[in-house]
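# Secondary and tertiary structure notes
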Amino acid sequence: MRIKTKLTLGVGLLFLLILVLAIVSSAYINRLKNDTENILVSNYNTLEYTRKMMLALDEIQQSPMALSEFEQNLQLQKVNVTETGEKEATQKLEAHYMQFRTNTASATLPALMRRDISLIMTLNMQAIQRKTQIAQATAGNGNLWIATAGTLCFIIAFVLLVNLPGNIANPVKALTASIQQIANKNYNQRVHLSQHDEFGELASSFNTMAEKLQEYNNSNLSELLVEKKRIETLINNMHDPVIGLDENKKILFANEEAIRISGMQREKLIGQQAQDIAVTNDLIRTLIRELMEPKQNSAKARPIKIFADGKESYFEEDIVTISITPTGETGKKHLGHVIVLKNITPFKELDFAKTNFIATVSHELKTPISSIKLGVQLLEKEGGINESQQQLLDGIKDDSNRLLSITGELLNLSQVETGNIQLSIQQSNPHKIIRYAVDAVKVQADLKQIALEVKEDKLLPLVKADEEKTAWVLTNFLTNAIRYSPEKSQITIEVNPDGQQVVFSVKDQGKGIDARYKDRIFDRYFQVPGSSRAGTGLGLAICKEFIEAQGGSIGVDSEIGSGSNFYFLLSKA
Ligand code: ADP
């Protein structure tokens with residue numbers, strides 16, 4: 001039965017019974033009222049009249065007033081005859097009274113009248129008794145009916161009281177518990193209500209919803225699992241080692257390649273704290289070094305050399321920071337890092353081959369070039385050379401000088417690349433370095449009528465430097481400055497202490513360097529487009545290597561049209 005019908009029937013029946021109870025009660029109360037009224041009107045009044053007639057009769061001999069009192073009550077009694085036999089008794093009393101009026105001295109007539117009055121009283125008292133019994137029966141009946149209706153009301157109210165709250169609350173409770181389960185992602189939850197009412201319908205709708213949620217959840221989960229597997233396989237099949245760390249540097253995943261080069265077992269790597277593994281594993285230590293203490297400057301990380309599978313491999317480390325913006329939030333949340341190692345071994349091998357080739361070629365070229373120079377000098381000494389021959393010899397001299405400087409630079413570069421720079425760092429005198437460099441470029445400067453101005457304190461501190469290499473760098477700065485400055489301009493060489501360092505700078509009045517190329521001029525083989533073809537693009541790259549190898553730093557301030565200021569800093573000794 002439906003809840004609505006149940007409630008309507010229960011409450012309706014209760015209402016009906018209360019109505020019946022009220023009707024029955026009021027009917028019986030009415031009947032009781034009629035019964036008592038009947039007694040009051042018919043019998044009580046008669047008794048009152050007869051009592052007054054009796055009293056009047058007692059005083060009738062002494063007081064003439066009593067006679068009229070008697071007659072008055074007799075008249076009232078005549079119109080209040082209600083019982084059988086009462087009429088005859090009253091008529092008799094009236095007849096005896098009439099006789100008494102004519103013969104007031106009679107002694108028998110009052111006695112007869114008393115007998116008549118007494119008969120009337122008896123009749124009425126009997127009637128009162130009878131009517132009281134009827135009223136009692138009515139009250140008894142009333143009691144019975146009211147009690148029956150009351151009991152029925154009570155039983156129905158009790159049944160409703162016991163069943164109705166449970167009937168409504170229990171399914172609501174079951175549904176609430178199930179909804180809570182669903183909220184806790186327990187999508188297996190179902191509600192089993194055998195009722196065919198509104199709650200039954202609600203339960204079946206709930207079950208349908210739970211089933212759909214479960215299906216949705218399962219399908220999502222399986223899709224996610226497939227996607228996860230796909231990404232895992234993808235990462236595993238990558239030839240580059242990949243390691244994923246969470247925000248606390250716990251290793252979340254590592255592909256086959258990463259596990260192979262780490263030389264560890266998967267289960268000993270995954271789920272472990274990277275810092276703990278770093279204690280015993282060199283590779284992991286190297287990999288997380290930058291994560292633990294990020295570099296201040298953007299110096300390029302050196303390739304990591306790893307010995308695995310019986311050969312040396314070179315990797316470049318790339319650390320990708322992973323952060324997401326969670327749904328509904330605006331701020332970014334850091335999730336961890338992914339370390340990707342790019343295998344650069346083939347390039348490194350090619351690079352080695354190239355460096356070796358350059359080193360060999362430039363070394364092998366030095367001897368024939370020197371012979372050419374020597375040959376030219378001998379020819380000049382021998383004399384007998386005409387003007388055009390002299391011009392040819394000058395050309396050969398210039399070219400062989402250039403070739404020598406180029407082969408020198410190439411040799412330097414191959415030294416740098418193979419990591420074979422032999423530095424002899426010692427306490428060096430900056431004045432000496434400046435002198436050496438200025439002397440080396442004097443002739444070139446004079447040729448272009450460029451003034452070399454040296455601004456140096458008399459008492460410069462000593463610096464920690466390899467004199468020869470530093471002088472080479474300064475010479476290179478000066479050579480460039482002369483090359484890229486107009487004739488009759490000025491080049492200023494300045495050396496100043498700056499905190500714990502000493503700054504060497506070379507300022508020219510040349511065309512300057514476009515901001516676009518400023519970051520690239522220290523790269524190997526880079527030449528600003530449109531600049532002199534005479535150079536190799538190696539000079540500044542080698543300068544950078546030399547200075548950084550000595551623990552210093554190098555840079556340039558320049559703007560198109562307002563000259564350049566190349567500088568390097570070295571530590572005080
Ligand atoms: P190069 O042998 O070509 O001079 P460098 O490495 O010494 O090679 O210089 C790289 C490039 O930087 C040059 O091609 C030139 O364009 C630019 N450059 C270097 N010094 C100066 C300077 N003083 N003024 C303007 N440009 C310069």
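Residues numbered from 1 in each chain as written. Predicted model: local features only at pLDDT ≥ 70, side-chain atom pairs only at ≥ 80, totals over all residues. Heavy atoms only, no water.

As for its placement among the helices and strands, threonine 36 is situated in helix H1 (residues 3–59). Judged by its relative accessible area of 40%, threonine 36 falls in the partly exposed class. Sequence separation of threonine 36 and leucine 374 is 338 residues, and the distance between their C-alpha atoms is 165 Å. Here lysine 33 takes part through its backbone oxygen, which lies 2.9 Å from a polar atom of the side chain of threonine 36. (Helix = DSSP H or I, 4+ residues; strand = E, 2+ residues; numbered from the N terminus. Buried < 20%, exposed > 50% of the residue type's maximum accessible area, 1.4 Å probe, protein only. Polar contact = N/O pair within 3.5 Å; in protein donor to acceptor, adjacent residues only side chain to side chain.)

Let's shift gears to the sheet that holds strand E1 (residues 242–246). To summarise the sheet geometry, strands pair through backbone hydrogen bonds and adopt either a parallel or an antiparallel arrangement. Taken together, 5 strands build an open sheet; the order of strands is E2-E1-E5-E4-E3 and the sheet is antiparallel. Sheet topology places strand E2 (251–254) and strand E3 (304–308) at the edges, where each strand pairs with a single neighbour. If you compare each strand with its neighbour and ignore which way they point, the axes differ by 30 degrees on average. The sheet contacts of helix H10 (residues 345–382) involve strand E4 (311–324) and strand E5 (333–343), and relative to E4 the element is tilted by about 135 degrees. (Pairing = 2+ DSSP bridges. Axes fitted to C-alpha atoms, helices over the stretch in contact; angles between N-to-C directions. Contact = heavy atoms within 4.5 Å.)

Residues Leu283, Ile284, Leu287, Ile288 and Leu291 constitute the buried set of helix H9 (residues 282–292). Down the axis of H9, the smallest arc covering the buried residues is 100 degrees, so these residues share one side. With a side-chain oxygen lying 3.0 Å from the backbone nitrogen of leucine 283, the N-terminal cap of H9 falls on asparagine 281. (Arc of directions from axis to C-beta.)

The subject of this paragraph is the packing of helix H3 (residues 86–102) against helix H4 (residues 108–183). Remark: H3 packs on H4, axes separated minimally by 9 Å, with the N-to-C direction vectors making an angle of 160 degrees. Classed by the angle they form, the pair H3 and H4 counts as roughly antiparallel. The handedness of the crossing between H3 and H4 is left-handed. Across from Glu86, Ala89, Thr90, Lys92, Leu93, His96, Tyr97, Gln99 and Phe100 in H3, the residues of H4 making contact are Leu109, Pro110, Leu112, Met113, Asp116, Ile117, Leu119, Ile120, Leu123 and Asn124. (Parallel < 35°, antiparallel > 145°, perpendicular 65-115°, else oblique. Left-handed = near helix turned anticlockwise from the far one by under 90°.)

Time to look at the UniProt feature "domain: HAMP" (unreviewed entry) in the protein chain. According to UniProt, the "domain: HAMP" (unreviewed entry) feature falls on residues 166–218. Secondary structure content for residues 166–218 is 74% helix and 0% strand, and the end C-alpha separation is 36 Å. (UniProt positions renumbered as here; feature names shortened; annotations may be inferred.)

On the basis of which strands lie adjacent, the open sheet formed by 5 strands has the order E7-E9-E10-E12-E11 and mixed pairing. Edge positions in the open sheet fall to strand E7 (451–456) and strand E11 (553–558), since each of these has one partner strand only. Neighbour-to-neighbour, the strand axes of this sheet turn through a mean angle of 15 degrees, independent of strand direction. One ladder, built from 6 bridges, connects E7 with strand E9 (residues 490–498); its direction is parallel. Across the sheet, residue glutamate 453 finds its bridge partner in E9, namely threonine 492.

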